[in-house]
Amino acid sequence: MDVSEQTAHGIAEHARSRAAFREMKEGTADDWRIIGGEYRAFARGLPDRVLDHLRLLDGDFGGFPVCRLEHSLQTATRAHRDGRDEQYVVMALLHDIGDTLGSYNHPEVAASILKPFVSEENHWICQNHGAFQGYYYFHFLGMDQNAREQFRDNPYFEACREFCEKYDQAAFDPDYESESLEFFEPMVRRVMAKPLASLYAKAPEAEEETS
Ligand SMILES: [Fe+2]
Ligand SMILES: [Fe+2]
């Protein structure tokens, strides 16, 4: 806590680091000042948590020729070397981050994490890449290879098809020289530095202006 906050709220308040309410409806402005301050710091740690979570994919092969971390790095590396911008590359890096907790809907998990920081198109690509990846293997599992056709009239159909064709389905080569997670770390930090849109974006900004 800096000096101006000490002056504004007093030494006694300084010692108080948790809200006092037992139900939200008892909450006060002071409670929410404390929580708001914590939220700001916590939100700033998002890139670290994302990078930690990507590391959970290391060594997780699931029968594939490369582990899920290598697949993620390879997808991002291929996009980067193909001249894609930073936001796209970060989307490529994170597109399967939901594999650990979203075993039945992993594209939606990744898309939700990315949503505040990327364009509508990049969000759509991430959210729907599962059906488009299916074009390369669903028929081997008795599923509909053309499941992606349900999206044929969507303006982002071609962008998602291209993501899968050029980067995602191509990123299972054990001999490919991918960049490291450290290489992408600054990109993750820049893209996730500030939300483009979020229900909670305004409050932390207002807090920052007064401190
Ligand atoms: Fe995926
Ligand atoms: Fe993938």
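Quick caveat, the model's predicted, so the values are computed rather than measured. (Residues numbered from 1 in each chain as written. Chains lettered and ligands numbered in written order. Predicted model: local features only at pLDDT ≥ 70, side-chain atom pairs only at ≥ 80, totals over all residues.)

(A) Seen up close, the overall build of the protein chain. When you go through the protein chain residue by residue, the secondary structure sums to 10 helices and 0 strands. Scored against the burial criterion, the 211 residues of the protein chain give a buried share of 26%. Considering only contacts within the protein chain whose residues lie at least 6 apart along the sequence, 55% involve residues at least 24 apart. (Helix = DSSP H or I, 4+ residues; strand = E, 2+ residues; numbered from the N terminus. Buried ≥ 20, exposed ≤ 12 C-beta atoms within 10 Å, placed from the backbone. Contact = placed C-beta atoms within 7 Å.)

(B) Summary view of helix α7 (residues 120-133). The terminal C-alpha atoms of α7 lie 20 Å apart, and with 14 residues this matches the ideal 20 Å at 1.5 Å per residue to within 8%. At Gln 127, α7 shows its maximal kink, close to 45 degrees. For α7, the complete set of buried residues consists of Asn 122, Ile 125, Cys 126, Gln 127, Asn 128, His 129, Gly 130, Phe 132 and Gln 133. In this fold, the buried residues of α7 make contact with α5 (86-94), α6 (106-114) and α8 (157-168). (Expected span 1.5 Å × (residues − 1). Bend = angle between axes of the 7 residues up to and from the residue.)

(C) Spotlight on the packing of helix α4 (residues 68-81) against α5. Running from N to C, α4 and α5 point in directions that differ by 160 degrees, and their axes come no closer than 7 Å. Judged by the angle between their axes, α4 and α5 are roughly antiparallel. At the point where α4 passes α5, the crossing takes the right-handed sense. Contacts from Ser 72, Thr 75, Ala 76, Ala 79 and His 80 in α4 reach Tyr 88, Val 89, Ala 92 and Leu 93 in α5. Its residues assigned to classes, the contact of α4 with α5 shows 6 nonpolar, 3 polar and no charged. (Axes fitted to C-alpha atoms, helices over the stretch in contact; angles between N-to-C directions. Parallel < 35°, antiparallel > 145°, perpendicular 65-115°, else oblique. Left-handed = near helix turned anticlockwise from the far one by under 90°. Nonpolar A, V, L, I, M, F, W, Y, C, P; charged D, E, K, R; others polar.)

(D) A look at the confidence of the model for the protein chain. For the protein chain, the mean per-residue pLDDT works out to 90, and 87% of the residues sit at or above 70. Contacts for the low-pLDDT stretch residues 206-211, under 50 throughout, to residues beyond four places or in other chains number 7 contacts. (pLDDT = per-residue confidence, 0-100.)

(E) Looking closely at the nonpolar core. Among the nonpolar cores identified, the biggest contains 32 residues, and Met 91, Ala 92, Leu 93, Leu 94 and Leu 114 are the most heavily contacted of them. Looking at this core, the elements with two or more residues in it are α3 (46-55), α4, α5, α6, α7, α8 and α9 (181-191). The element best represented in this core is α5, accounting for 7 residues. Discounting residues that sit within four places of it in the chain, Leu 114 has contacts with Met 91, Leu 94, His 123 and Cys 126. (Core = buried A, V, L, I, M, F, W, Y, C linked by C-beta atoms within 7 Å.)

(F) Region of interest: the packing of α7 against α8. Two numbers describe how α7 lies on α8: the axes approach to 8 Å, and their chain directions differ by 65 degrees. With respect to their mutual orientation, α7 and α8 come out roughly perpendicular. The two elements α7 and α8 meet at a crossing, and its hand is right-handed. Touching Glu 121, Trp 124, Ile 125, Asn 128, His 129, Phe 132 and Gln 133 of α7 are Ala 159, Cys 160, Arg 161, Phe 163, Cys 164 and Asp 168, all from α8. A class-by-class count of the residues in the contact of α7 with α8 yields 7 nonpolar, 3 polar and 3 charged.

(G) View of the environment of Ala 43. You can see Ala 43 is positioned in helix α2 (residues 29-44). Owing to 16 C-beta atoms within 10 Å, Ala 43 belongs among the partly exposed residues under this scheme. Remark: the alpha-carbon pair of Ala 43 and Lys 194, spanning 151 residues in sequence, is separated by 9.4 Å.

(H) Structural view of the environment of His 71. Within the secondary structure layout, His 71 lies in helix α4. C-alpha of His 71 to C-alpha of Ala 171: the two residues are 100 residues apart in sequence and 5.5 Å apart in space. Not counting the four nearest positions on each side in its chain, His 71 is found in contact with Phe 64, Val 66, Asp 96, Ala 171 and Phe 172.

(I) Focus on the environment of Glu 165. Checked against the element boundaries, Glu 165 lands in helix α8. Looking at Glu 165, the number of C-beta atoms within 10 Å reads 14, which means it is partly exposed.

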